[in-house]
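Understanding the architecture of this molecule
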Amino acid sequence: MVLVTNATDTLDEHLDRIELTHFADAVVSSATVGVAKPDQRIYEIAAELTGAAPERCLFVDDRLENVEAATSLGMTGVHYRTVADLAAVLT
């Protein structure tokens, strides 16, 4: 699992402080990579980190424009508004 976020350069510190460092296998932070969602490059970086083709990736976000950018690369996208949105794609 890769966390893709538009965050500040203190994200690692914050994740560590709330004990969520273990939550993701990798973090792609806009502050670190220099591009932000919905720029397609941030999704490409995330896929590259996993070693998976975009078509093998699931992207979940609460902002539709971010989901649309990911799906334009071939990722499966979920516009998350309720748990049912995520459950629908995982079942």
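A brief look at the structure comes next. This structure is a prediction, so every number in the text was calculated from the model and none was measured. (Residues numbered from 1 in each chain as written. Predicted model: local features only at pLDDT ≥ 70, side-chain atom pairs only at ≥ 80, totals over all residues. Heavy atoms only, no water.)

**A short note on the pairing of strand S1 (residues 2-5)**
- Note: S1 against strand S2 (residues 26-29), 4 bridges, orientation parallel. Within the sheet, the bridge partner assigned to Thr-5 lies in S2 and is Ser-29.
- Each parallel crossover has a hand, and for S1 linked through helix H1 (residues 11-17) to S2 it is right-handed. (Pairing = 2+ DSSP bridges. Helix = DSSP H or I, 4+ residues; strand = E, 2+ residues; numbered from the N terminus. Right-handed = clockwise from strand over helix to strand, strands pointing away.)

**Some points on helix H4 (residues 64-71)**
- All of the buried residues in H4 are Asn-66, Val-67, Ala-69 and Ala-70. All buried residues of H4 project into a common sector of 160° when viewed along the axis, lining one side.
- The inward-facing, buried residues of H4 abut helix H3 (40-50), strand S3 (58-61) and strand S4 (76-79). (Buried < 20%, exposed > 50% of the residue type's maximum accessible area, 1.4 Å probe, protein only. Arc of directions from axis to C-beta. Contact = heavy atoms within 4.5 Å.)

**Quick look at unusual backbone geometry**
- In the segment running from Lys-37 into Pro-38, the intervening peptide bond is cis, with an omega of 10°.
- Of note, Pro-38 is situated in the loop between helix H2 (30-33) and H3.
- Not every positive phi belongs to a glycine, and Glu-19 is a case in point at roughly 60°.
- Position of Glu-19 relative to the elements: it lies in the loop between H1 and S2.
- Owing to a relative accessible area of 62%, Glu-19 belongs among the exposed residues under this scheme.

**Section: the pairing of S4**
- Examined bridge by bridge, S3 and S4 share 4 bridges and lie parallel to one another. Across the sheet, the residue bridging to Asp-61 is His-79, located in S4.
- Of the crossover connections in this fold, the one passing from S3 over H4 to the parallel S4 is right-handed.

**A word on the layout of surface pockets**
- Estimated volume of the largest pocket: approximately 320 Å³.
- Taken together, 15 residues form the lining of the largest pocket, with Met-1, Val-2, Leu-58, Phe-59 and Val-60 sitting closest to its centre.
- Those elements giving two or more residues to the lining of the largest pocket turn out to be S1, H3, S3 and helix H5 (83-90).
- At 4 residues, H3 tops the list of elements feeding residues into the lining of the largest pocket.
- Within the lining of the largest pocket, the residues separate by chemical class into 14 nonpolar, 1 polar and no charged. (1 Å grid on protein atoms, 1.4 Å probe; cavity = no way out; pocket = protein on both sides within 12 Å on 5 of 7 lines; lining within 4 Å. Points joined across faces, edges and corners; volume = space filled by probe spheres on them. Nonpolar A, V, L, I, M, F, W, Y, C, P; charged D, E, K, R; others polar.)

**A closer look at the pattern of salt bridges**
- Taken as a whole and assessed by the stated rule, the structure comprises 6 salt bridges.
- A salt bridge links Glu-44 to Arg-41; its shortest N-O distance comes to 3.5 Å. Of the two residues, Glu-44 and Arg-41 are both situated in helix H3; the distance of 3 residues between them amounts to about one turn of the helix.
- Between Asp-85 and Arg-81 there is a salt bridge, with its nearest N and O atoms 3.3 Å apart.
- Looking at Arg-81, the relative accessible area reads 56%, which means it is exposed. (Salt bridge = Lys/Arg side-chain N within 4 Å of Asp/Glu carboxyl O.)

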